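Reading the structure
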Amino acid sequence: MPRPSARIAITVAASLLPMLALAGSVFLNGVKIDGVTNTRFEKATVRIDAEGNVHIDAPGYAARVTTVTPTPATPSTATPPAATPPDAGVVAQAPAPAAPTAPTSVPGRITQRYWLVTEQTTPGMTDFDIDVYVNSRWLRRLRNNEDQVVMDITSQLRPGANAVTLIARKQATGNRRSTSAQNVFKVIIGEGNEGGGNVMIDTPLIRFQKTAADAQDATEEFTLTTR
């Protein structure tokens, strides 16, 4: 079955499955999703902790915000520290160069929806993991061996200019799985819409990619202006 093209459509796999009511909360990939019903996750791992919380690890799925009306941030002279990725065992220090200071937000509200999607020729072949920072805050790590990621990032953005930093790190410690430039790991961020189980990227704004032929870590900074 051919992979979806990021230029045309990204398909979000979703089906329905009734879930048992538990005393604890439900978390999808670390994001609390209490109140969600009639949802099924394919290829997922489910764990129940001692407090009755249900943890669902489902690569390729992400909690998203369907209605976004952000409150303008109060101007401040202090710059909040950049968040640290949770995988401290892999990243022991802050990236160099450091994620840029976020541009000053402007009054207003975001009227479009913004999506991050990934596409790989063959998962795992590039040996690159990619960290995503938005406005100096760590958003998530895109792993080279996971399935396609489709993520609504609208709630992470401010009205106006936003700083987006993508940091790719080579993970291979022994023999490389491939050295072919034909094995590509792409990250695309842009304006889009969702309907019928599909996400349409109407206006790609950021494109970042690494291939298996690349051997060095790389950092690239972008400015994403919302509207």
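Residues numbered from 1 in each chain as written. Predicted model: local features only at pLDDT ≥ 70, side-chain atom pairs only at ≥ 80, totals over all residues. Heavy atoms only, no water.

Observations concerning the overall build of the chain
Scanning the chain from N- to C-terminus turns up zero helices and 13 strands. Each helix and strand of the chain, placed in order from N terminus to C terminus, yields the pattern β-β-β-β-β-β-β-β-β-β-β-β-β. For the chain, the residues scored as buried account for 39% of the 227 residues in total. Pairs at least 24 apart in sequence give 74% of the contacts found in the chain among residues at least 6 apart. Here the chain has roughly 12,700 Å² of accessible surface; of this, 52% comes from carbon and sulfur atoms. (Helix = DSSP H or I, 4+ residues; strand = E, 2+ residues; numbered from the N terminus. Buried < 20%, exposed > 50% of the residue type's maximum accessible area, 1.4 Å probe, protein only. Contact = heavy atoms within 4.5 Å. Areas by Shrake-Rupley, 256 points an atom, 1.4 Å probe, with all protein chains shown as cover.)

Some points on the confidence of the model for the chain
Per-chain confidence: the chain averages 77 in pLDDT, with 68% of residues scoring 70 or above. Put simply, strand E1 (residues 10-11) is where the chain has its lowest mean pLDDT, 34, and strand E7 (residues 128-134) is where it has its highest, 98. With pLDDT under 50 throughout, residues 88-95 is counted as low confidence; its partners more than four residues away or in other chains account for eight contacts. (pLDDT = per-residue confidence, 0-100.)

Describing the pairing of strand E5 (residues 54-57)
Here E5 shows a clear split, with Val 54 and Ile 56 buried on one side and none of His 55 and Asp 57 buried on the other. In this structure, strand E2 (residues 26-28) lies alongside E5, joined through three bridges in parallel fashion. Looking across to E5, one finds that Val 26 is bridged to Val 54. Direction of pairing for strand E4 (residues 45-48) relative to E5: antiparallel, over a ladder of four bridges. In the sheet register, Arg 47 faces E5, and the bridge partner there is His 55. (Pairing = 2+ DSSP bridges.)

Some details on the sheet that holds strand E10 (residues 161-170)
Read from one edge of the open sheet, four strands run E8-E7-E10-E13, paired in antiparallel fashion. With one partner strand each, in any of the chains shown, strand E8 (137-142) and strand E13 (218-225) form the two edges of the open sheet. Neighbour-to-neighbour, the strand axes of the sheet open up by a mean angle of 20°, direction not taken into account. In this sheet, E13 lies alongside E10 in antiparallel orientation, the contact comprising eight bridges. When the bridges of E13 are listed, Leu 166 appears paired with Glu 220. (Axes fitted to C-alpha atoms, helices over the stretch in contact; angles between N-to-C directions.)

Side note on the nonpolar core
Core analysis: the largest hydrophobic core is formed by 23 residues, its most contacted members being Leu 116, Ile 130, Leu 142, Ile 153 and Leu 166. Of all the elements in the fold, those that place two or more residues in this core are strand E6 (113-120), E7, E8, E10, strand E11 (184-195), strand E12 (198-211) and E13. With four residues, E7 is the largest single contributor of residues to this core. Beyond its immediate chain neighbours, meaning those up to four positions away, Ile 153 contacts Tyr 114, Trp 115, Leu 116, Leu 139 and Ile 189. (Core = buried A, V, L, I, M, F, W, Y, C linked by side-chain atoms within 4.5 Å.)

A closer look at unusual backbone geometry
The phi angle at Asp 127 is positive, at roughly 65°, despite the residue not being glycine. Within the element layout of this structure, Asp 127 appears in the loop between E6 and E7. With relative accessibility at 5%, the residue Asp 127 sits in the buried group. The phi torsion at Asn 135 lies on the positive side, around 55°, for a residue other than glycine. By the element assignment, Asn 135 lies in the loop between E7 and E8.

With respect to the environment of Thr 226
By the secondary structure assignment, Thr 226 is in the segment after E13. Taking C-alpha positions, Thr 226 is 8.3 Å from Thr 111, a pair spaced 115 residues apart along the chain. Discounting chain neighbours no more than four positions away, the residues touching Thr 226 are Ile 110, Tyr 114, Leu 157, Arg 158, Pro 159, Gly 160 and Asn 162. From its side chain, Thr 226 meets the backbone oxygen of Arg 158 in a polar contact 2.8 Å long. (Polar contact = N/O pair within 3.5 Å; in protein donor to acceptor, adjacent residues only side chain to side chain.)

Things to note about the environment of Gly 124
With respect to the helices and strands, Gly 124 occurs in the loop between E6 and E7. In this structure, the C-alpha to C-alpha distance between Gly 124 and Phe 185, residues 61 residues apart in sequence, is 9.0 Å.

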